[in-house]
Amino acid sequence: MSIFIDKEKCVSCGRCKEVCPGNLIRMDENNKAYIRDVRDCWGCTSCLKECGQGAVHFFLGADIGGMGSTLAYERFGDIVNWIVTKPTGEQRKIQVDASKANAY
């Protein structure tokens, strides 16, 4: 499991770097995040959940049915979007209202 960071979407907040338990995320000369060595990524998804801009993408492995797809996260207030992008470019958005997440 590993991540990819889209520098075009990165807003240089550094939150992904702060939460990475493996200390794998660095900031480049333009203050954009990047992962030092993708092979060392634990797949914990801490950075994915911390980045509300959708700049961090988590590779979904074939073992969990991902077949090369990636998962990104965006947050707009209480609205959370989980975005699955297939290798073909097709996207599927799963929208969750976080304010109602614990309603039964």
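About the criteria used
Residues numbered from 1 in each chain as written. Predicted model: local features only at pLDDT ≥ 70, side-chain atom pairs only at ≥ 80, totals over all residues. Heavy atoms only, no water. Helix = DSSP H or I, 4+ residues; strand = E, 2+ residues; numbered from the N terminus. Contact = heavy atoms within 4.5 Å. Pairing = 2+ DSSP bridges. Axes fitted to C-alpha atoms, helices over the stretch in contact; angles between N-to-C directions. Core = buried A, V, L, I, M, F, W, Y, C linked by side-chain atoms within 4.5 Å. Buried < 20%, exposed > 50% of the residue type's maximum accessible area, 1.4 Å probe, protein only. Phe/Tyr/Trp six-rings, centres within 6.5 Å; stacked < 30°, edge-to-face > 60°. Polar contact = N/O pair within 3.5 Å; in protein donor to acceptor, adjacent residues only side chain to side chain.

1. Re the environment of C47
Then, number 1: Tracing the backbone through its elements, the reader meets C47 in helix α2 (residues 46-50).
Then, number 2: Every residue in contact with C47, bar those within four places of it in the chain, is listed here: I3, C16, V19, I25 and V56.

2. What about the sheet that holds strand β7 (residues 91-97)?
Then, number 1: Strand order in the open sheet formed by 5 strands is β1-β4-β5-β6-β7, and the pairing between neighbours is antiparallel. Edge strands, defined here as strands with exactly one partner in the open sheet, are β1 (3-5) and β7. In this sheet, neighbouring strand axes are inclined to one another by 25° on average, regardless of whether the strands run parallel or antiparallel.
Then, number 2: In this structure, strand β5 (residues 70-76) lies alongside strand β6 (residues 79-85), joined through 7 bridges in antiparallel fashion. In the strand pairing of β6, E74 is matched with N81.

3. Here's the deal with the nonpolar core
Then, number 1: Ranked by internal contacts, the top residues of the largest apolar core, which has 20 residues, are I3, I25 and V56.
Then, number 2: Elements supplying a minimum of two residues to this core: β1, β3 (33-35), α2, β4 (56-59) and β5.
Then, number 3: If near-sequence neighbours (up to four positions away) are discounted, I25 is found in contact with I3, I5, C16, K17, C20, A33, Y34, I35 and C47.

4. Observations regarding the pairing of β4
Then, number 1: When β1 meets β4, the two strands line up antiparallel, connected through 3 bridges. Bridged to I5 within β4 is V56.

5. Quick notes on the packing of aromatic side chains
Two aromatic rings are characterised by how far apart their centres lie and by the angle between their planes.
Then, number 1: Under the counting rule described, the total for this entry stands at 1 aromatic pair.
Then, number 2: Their ring planes at 65° and their centres at 4.8 Å tell us that Y73 and W82 sit as a pair that is edge-to-face.
Then, number 3: You can call Y73 buried: its relative accessible area is 8%.

6. As for the side chain of H57
Then, number 1: Position of H57 relative to the elements: it lies in strand β4.
Then, number 2: Only 3.3 Å separates the side chain of H57 from the backbone oxygen of G54, close enough to count as a polar contact.
Then, number 3: What H57 contacts, discounting residues up to four positions off in sequence, is S2, I3, F4, D6, T70, L71 and A72.

7. Thoughts on unusual backbone geometry
Then, number 1: Positioned with a positive phi, N31 is a non-glycine residue whose angle comes to about 65°.
Then, number 2: Relative to the helices and strands, N31 is located in the loop between β2 (25-27) and β3.
Then, number 3: Residue classification places N31 among the partly exposed positions, given a relative accessible area of 38%.
Then, number 4: Of note in the backbone geometry, T45 takes a positive phi value of approximately 65° without being a glycine.
Then, number 5: Along the chain, T45 turns up in the loop between β3 and α2.

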